[in-house]
Amino acid sequence: MSDHPIGLSIRGGIKIYPGTTALRSVDFDVRMGAVNVLVGENGAGKSTLMKVIAGVEPLTEGRIEMEGRLVHFRSPREAERHGIGIVFQELNLFPDLSVADNIFIAHERTRARIDIDRRSQRETVRALMRKLEHDIDPDMRAGDLSIGQQQIVEIARSLARGARILILDEPTSALSAAEVEVLFRIIAELKAQGVGIVYISHRLDELIRIGDYITVLRDGVITGSRPMEGVDLAWIVRSMIGDSSRDFPRGGPFRPGRELLRAEEICLPRPGGGWAVDHVSFCVHEGEILGIYGLMGAGRSELLGCLIGQYPHAGGRILLAGETLQGDVAKRIRKGLALIPEDRKNDGLIGTLAIRENLTLSSLRDFTRIWHLDLRAEIRAALDYVKRLAIKAASIENPVFSLSGGNQQKVVIGKALMTRPRVLLMDEPSRGIDIGAKGEVFRVMRQLAGQGLGIVFVTSDLDEVLSLSDRIIVMSDGRVAARFDAADADPASLAAAAAPLSSSLKDAA
Amino acid sequence: MTAAPRPIPSRPVSGWGPALLLLLRLRTFVALILVFTFFAVAAPNFLSSANMVIMAKHVALNALLAIGMTFVIITGGIDLSVGSIVGLCGMVAGWLLLHGIDLGFSWTIQLNTLEICLIVLGVGVGVGAINGLLITQLNVAPFIATLGTLYVARGAALLSSDGKTFPNLVGNPDYGSQGFPVLGAGSWLGIPIAIWILVAVAVTASYVANRTPLGRHVYAVGGNERGAALSGVKVNRIKLIVYMFSGFCAALVGLIIASQLQAAHPATGETFELNAIAAAVLGGTSMSGGRGRIGGTIIGAFVIGVLSDGLIMMGVSSFWQTVIKGLVIIAAVVVDQMQSRLQARVVLQQQAALSR
């Protein structure tokens, strides 16, 4: 493998966030003139590793070397100066600036350091676009471009800054088939020019097709790293998931109870036209776990948002135990619906409040006489749930973000359970928590279903949806793409159903 | 911990860390004791009971406004209109005392003290409700919405008398309004009524903040609005309530001032909003929302009040007073930052000790 020199290497990389360890002594090499593929499940540490390379986050311990020399990236700018460019999964363009302005942001071509040389910028952008085979006008507003085009602009931005190492974080997740082909051609070209590419994706077939080297991450540890020759799907999956059993078998055979929740023709218009949730109907029974599988942007989170009443302009009819459900979030929570949001930090928890206050936030009514809050009863209840969910906290008065990710998630679950819900909506309940905590969360889900709760849970993890669900709905482009019974669902058909139809996506040109 | 590539800031926070943290947490109280002691030594007559009462009356006005302001800031907002509400409410009180309510056809309703007070408080709450509705229903940023009502309320106050003062607000025994001056001049058990009002409002506000769902929801909205909404907190209602309460506090202050002076001037209360914000910030209220204590705000108001009255007694020029007040506020915020950094470090170390 000596024909691909190592451009950057990380040795013993450790990254600790308050609450979780994202990387555990990671050794990683970026080979120049090759596609270095990085895979792993959600929360395995891929994005953290990329952020470290791009200078967004410093390593807690360990070192980064480039051409044998130790380097420290204290900011993305410093990494950039070393020739590292990154295109994040969430695009980072300024929608109200022109394409050219976006490409040269913070690196403006100027005369006498004051006056921006727009003509020179425009010409450079045109040349770059020709190279990237895209006819994007440098003066267009970036916000008016399609997602695929925006991605091209991001790549152009990195190239304009002379990137020698280009990191692409799930670049194809929002692209149509035609756009993917163009992207692959661009990647091949860059490779030929000696650029080292780090490529992150969940689409395994894609990786095998374009990768030269593959590195697999699991729970912050590298579990496999080798040239792509001879790698097959089975090897990747084995490295990603490991041998640890992820089965969470139910106690006994599943006997569906009464129908609890029925959603009819739920729809939510997308701001730019079309539907974020496109007339979705389903039902959940007592004691049933309904898994909703789909890729990012398939409208799964929006669907749960519609159910809990987050979007006042959502359409459709929701029946909870035969009763029509409407009104604001508070009212629906009182009726017996509870949501565990995907984004713990921004939607699930209140960072300024203590663990106790977060736990009881949705159920304060239970501890209130007229208007007086009975703090003792509140503390008793909070302690009770801390024990029942085995939340590892030194004190319930500690700030909630002092907990580890898994325990934070249990606080969110506890908050939902304290409202005594009949149906629990869980959005990516295992996101960003380590494997042990995942197991505990799944056990709790099983237990709750066993007690007769209906559970709707959203995930983008095939393994999870298959091992936990009684029934599975696959969503794609806001629609229900397929429905399965757990018994006759298999990974291949789920993945096929989840793939967005290319005809429904805007074409790049 | 082998061969770290660069020095990691892992200086251990030893025994003095938590102690220093406690000191920093009580900083406003420490500051109050310091300024108090300083003036007790440096300014003659500072400790006389007459001076104490005068000072307390000054502080009470700012503290009342600051209590309302604290709730608003805890939800992540700001209320710039309180000073103007003070002025407007004083003018409304003056108008009602002098002219009553003119119904046309030469019919006029004259009101007694209680009715006047209720109407004035209603005006304050009403302006607060306008602020709240602008912010929640029309999505105007709190800074802009309350800046707008600042101007509108001030203009309305000036229009009401054409810029003149309503003099001689002693009330009229025929209408049952002779009791109006008591609010500002009267006292009970040797303590001015204004102080009793402050005590009542402060105790209520503190109770609401700590022992009611409403208070918990106020903190939740300021800490994370989206999260609070998804947990079933009625965010818009909470915001509306805090702005109405801030208007209520401002109306109280307007009444007390009009009663104290027995006159209402339309320019009363200019820049009061800034003093109220200063007291809240000095008391540890975080401008980014989610944090703040009523007790802290009251101590903050006392620090500002003691400082300015003490400096006057020492004969320091009022220009220097302004400078000193500004420096104290800046120092308070700097210390606040130091505290949060130290606190984060102590918490991380406790966490590390737990997982070891």
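In this text, all values refer to a predicted model and were calculated from it rather than measured experimentally. (Residues numbered from 1 in each chain as written. Chains lettered and ligands numbered in written order. Predicted model: local features only at pLDDT ≥ 70, side-chain atom pairs only at ≥ 80, totals over all residues. Heavy atoms only, no water.)

Asker: Which residues make up the overall build of chain B, and what are the values?
Answerer: For chain B, the count of helices and strands is 14 helices and four strands. Against the 2.2 N^0.38 benchmark of 21 Å for 356 residues, chain B shows a C-alpha radius of gyration of 23 Å, consistent with a compact globule. Dimensions of chain B, computed from C-alpha atoms along their principal axes, come out at roughly 90 × 55 × 35 Å. Considering chain B as a whole, with its 356 residues, one finds that 46% of them fall into the buried category. Within chain B, residue pairs in contact and separated by at least 24 positions form 76% of the contacts whose partners lie at least 6 positions apart. As displayed, chain B offers around 16,900 Å² of accessible surface, 69% of which is attributable to carbon and sulfur atoms. (Helix = DSSP H or I, 4+ residues; strand = E, 2+ residues; numbered from the N terminus. Rg over C-alpha atoms; globule rule 2.2 N^0.38 Å. Buried < 20%, exposed > 50% of the residue type's maximum accessible area, 1.4 Å probe, protein only. Contact = heavy atoms within 4.5 Å. Areas by Shrake-Rupley, 256 points an atom, 1.4 Å probe, with all protein chains shown as cover.)

Asker: I'd like to hear about the domain arrangement of chain A, residue by residue, with values.
Answerer: For chain A, the assigned domains are domain 1 (6-241), domain 2 (258-336 + 421-498) and domain 3 (350-415). Look at where the C-alpha atoms of domain 1 of chain A and domain 2 of chain A centre, and you get two points 33 Å apart. (Domains from an automatic or database assignment.)

Asker: Report on empty space enclosed by the protein, specifying residues and quantitative values.
Answerer: Overall, the coordinates contain six cavities of 30 Å³ or more when judged by the stated rule. Space inside the second largest cavity adds up to approximately 90 Å³. Lining the second largest cavity are 14 residues, with Leu339, Ser362 and Lys415 of chain A together with Leu230 and Ser231 of chain B sitting closest to its centre. Contributions of two or more residues to the lining of the second largest cavity are made by β18 (337-340), α11 (344-348) and α14 (405-417) of chain A. For the lining of the second largest cavity, a count of residues per class yields eight nonpolar, four polar and two charged. (1 Å grid on protein atoms, 1.4 Å probe; cavity = no way out; pocket = protein on both sides within 12 Å on 5 of 7 lines; lining within 4 Å. Points joined across faces, edges and corners; volume = space filled by probe spheres on them. Nonpolar A, V, L, I, M, F, W, Y, C, P; charged D, E, K, R; others polar.)

Asker: I'd love a proper account of the interface of chain A and chain B, names of residues and values included.
Answerer: Each partner contributes residues to the interface: chain A has 38 residues there, and chain B has 32 residues. Taken over both partners, the interface formed by chain A and chain B buries close to 2,900 Å², and the fraction arising from carbon and sulfur atoms is 57%. Linking chain A with chain B are three salt bridges. With its nearest N and O atoms 2.7 Å apart, the salt bridge here joins Glu378 of chain A to Arg216 of chain B. Counting across the interface, chain A meets chain B through 11 residue pairs in polar contact (both at pLDDT 80 or more). Secondary structure elements with two or more residues in the side of chain A that touches chain B: β4 (61-66), α10 (329-335), α11, α12 (355-360), β20 (372-373) and α13 (375-388) of chain A. (Buried area = accessible area lost by both parts, 1.4 Å probe. Salt bridge = Lys/Arg side-chain N within 4 Å of Asp/Glu carboxyl O. Polar contact = N/O pair within 3.5 Å; in protein donor to acceptor, adjacent residues only side chain to side chain.)

Asker: Mind laying out the nonpolar core, listing which residues take part and the relevant values?
Answerer: Burial of nonpolar side chains together is a common tendency in soluble globular proteins. Among the nonpolar cores identified, the biggest contains 94 residues, and Leu64, Ile67, Val120 and Leu255 of chain B are the most heavily contacted of them. Looking at which element gives the most residues to this core, the answer is helix α3 (residues 49-74) of chain B, with 15 residues. Excluding residues within four positions of it along the chain, Val120 of chain B makes contact with Cys89, Val92, Ala93, Leu96, Ala251 and Leu255 of chain B. Core analysis: the second largest hydrophobic core is formed by 44 residues, Ile136, Leu145, Val153 and Ile214 of chain A among them. (Core = buried A, V, L, I, M, F, W, Y, C linked by side-chain atoms within 4.5 Å.)

Asker: Please provide a residue-by-residue account of the sheet that holds strand β23 (residues 471-476) of chain A, values included.
Answerer: Residues and elements named next belong to chain A. The mixed open sheet is built from six strands, whose spatial order is β18-β21-β22-β15-β23-β24. In the strand order of this sheet, the two ends are held by β18 and β24 (479-485), each with one partner. The sheet shows a mean angle of 20° between the axes of neighbouring strands, direction not considered. Both β23 and β24 contribute to a ladder of six bridges, which runs antiparallel. What sits directly across from Ile472, in β24, is Phe484. On top of the sheet, helix α9 (residues 300-308) reaches β15 (289-294), β18, β21 (423-427), β22 (454-459) and β23; it is set at about 150° to β21, its chief contact. Along the sheet, α14 makes contact with β18 and β21, crossing β18 at roughly 170°. (Pairing = 2+ DSSP bridges. Axes fitted to C-alpha atoms, helices over the stretch in contact; angles between N-to-C directions.)

Asker: Would you mind going over the packing of aromatic side chains in detail, with residue names and values included?
Answerer: Taken as a whole and judged by the stated rule, the model has eight aromatic pairs over all chains. Taking the ring centre of Phe401 of chain A as reference, the NZ or CZ of Lys345 of chain A above it sits at 5.5 Å. (Phe/Tyr/Trp six-rings, centres within 6.5 Å; stacked < 30°, edge-to-face > 60°. Lys NZ or Arg CZ within 6 Å of the ring centre and 35° of its normal.)

Asker: I'd like to hear about the environment of Gly186 of chain B, residue by residue, with values.
Answerer: Residue and element names in this part refer to chain B. Along the chain, Gly186 turns up in the loop between α7 (182-185) and β3 (187-188). The buried category is assigned to Gly186, whose relative accessible area is 16%. Sequence separation of Gly186 and Trp107 is 79 residues, and the distance between their C-alpha atoms is 33 Å. Leave out the neighbours within four places in its chain, and Gly186 touches Pro181, Pro192 and Ile193.

Asker: Describe the confidence of the model for chain B, and please don't skip the residues or the numbers.
Answerer: All names here are of chain B. Residues with a pLDDT of 70 or more make up 92% of chain B, whose mean pLDDT is 85. The weakest mean pLDDT in chain B belongs to helix α1 (residues 16-25) at 73; the strongest belongs to helix α11 (residues 235-261) at 94. Of the regions scoring below 50 in pLDDT, residues 1-14 engages in 18 contacts with residues more than four places distant in sequence or in other chains. (pLDDT = per-residue confidence, 0-100.)

Asker: Please give an account of the packing of helix α5 (residues 113-137) of chain B against helix α6 (residues 142-161) of chain B that cites residues and values.
Answerer: All names here are of chain B. Packing of α5 against α6 brings their axes to within 9 Å, and their N-to-C directions diverge by 145°. Classified by chirality, the crossing of α6 by α5 is right-handed. Contacts between α5 and α6 involve Val127, Ile130, Asn131, Leu134 and Ile135 from the former and Pro142, Ala145, Thr146 and Thr149 from the latter. Of the residues assigned to the contact of α5 with α6, the class counts are six nonpolar, three polar and no charged. (Left-handed = near helix turned anticlockwise from the far one by under 90°.)

Asker: Go over the environment of Gly13 of chain A, please, and point to the residues and values.
Answerer: Tracing the sequence through the fold places Gly13 of chain A in strand β1 (residues 6-17). Residues within four places of Gly13 of chain A in sequence aside, it is in contact with Leu23, Arg24, Ser25, Val26, Leu59, Glu61 and Gly62 of chain A.

Asker: So what's going on with the UniProt feature "transmembrane region" (unreviewed entry) in chain B? Residues and values would help.
Answerer: Residue and element names in this part refer to chain B. The UniProt record marks residues 20-47, 59-78, 84-101, 113-134, 140-159, 180-209, 240-258 and 294-312 with the feature "transmembrane region" (unreviewed entry), using the residue numbering of this structure. Within residues 84-101, the helical portion is 89% and the strand portion 6%, while the C-alpha atoms at the span's ends are 22 Å from each other. What you have in residues 180-209 is 70% helix and 13% strand, and the ends, taken at the C-alpha atoms, are 31 Å apart. (UniProt positions renumbered as here; feature names shortened; annotations may be inferred.)

Asker: Give me the lowdown on the sheet that holds strand β3 (residues 35-39) of chain A, citing residues and values where you can.
Answerer: Residue and element names in this part refer to chain A. With respect to topology, six strands assemble into an open sheet ordered β6-β9-β10-β3-β11-β12, the strand pairing being mixed. Strands at the two margins of the open sheet, each flanked by one partner only, are β6 (84-87) and β12 (221-227). For this sheet, the mean inter-axis angle between neighbouring strands, taken without regard to orientation, is 15°. Sitting on the sheet, helix α5 (residues 147-160) touches β6 and β9 (165-169), and the angle it makes with β6 is about 170°. Across the sheet, helix α6 (residues 177-192) lies against β3, β9 and β10 (196-200), angled at about 145° from β10, the strand it touches most.

Asker: Mind laying out the packing of α3 of chain B against helix α13 (residues 294-313) of chain B, listing which residues take part and the relevant values?
Answerer: Residue and element names in this part refer to chain B. One way to put it is that α3 packs onto α13 with a least axis distance of 8 Å and a crossing angle of 140°. Comparing their axes, α13 and α3 come out oblique. Of the two possible hands of crossing, α3 and α13 adopt the one that is right-handed. Note on element contacts: α13 touches α3 through Ile294, Thr297, Ile298, Ala301, Phe302, Ile304, Gly305, Val306, Asp309 and Met313, opposite Asn51, Met55, His58, Val59, Asn62, Ala63, Ala66, Ile67, Thr70 and Phe71. When grouped by side-chain class, the residues that make up the contact of α3 with α13 number 13 nonpolar, six polar and one charged. (Parallel < 35°, antiparallel > 145°, perpendicular 65-115°, else oblique.)

Asker: Any chance you could break down the pattern of salt bridges for me, citing the residues and the numbers?
Answerer: The full count for this structure, using the stated rule, is 31 salt bridges over all chains. With a closest N to O distance of 2.9 Å, Arg262 of chain A and Glu259 of chain A form a salt bridge. Residue classification places Arg262 of chain A among the partly exposed positions, given a relative accessible area of 29%. We note a salt bridge from Glu378 of chain A to Arg356 of chain A, for which the minimum N-O separation is 3.1 Å. You can see Glu378 of chain A sitting in helix α13 and its partner Arg356 of chain A sitting in helix α12, a full 22 residues away along the chain. The residues Glu378 of chain A and Arg356 of chain A share a single accessibility class, namely buried. Bridged by salt links that share partners, the residues Arg356, Glu357, Glu378 and Glu397 of chain A together with Arg216 of chain B form one connected network.

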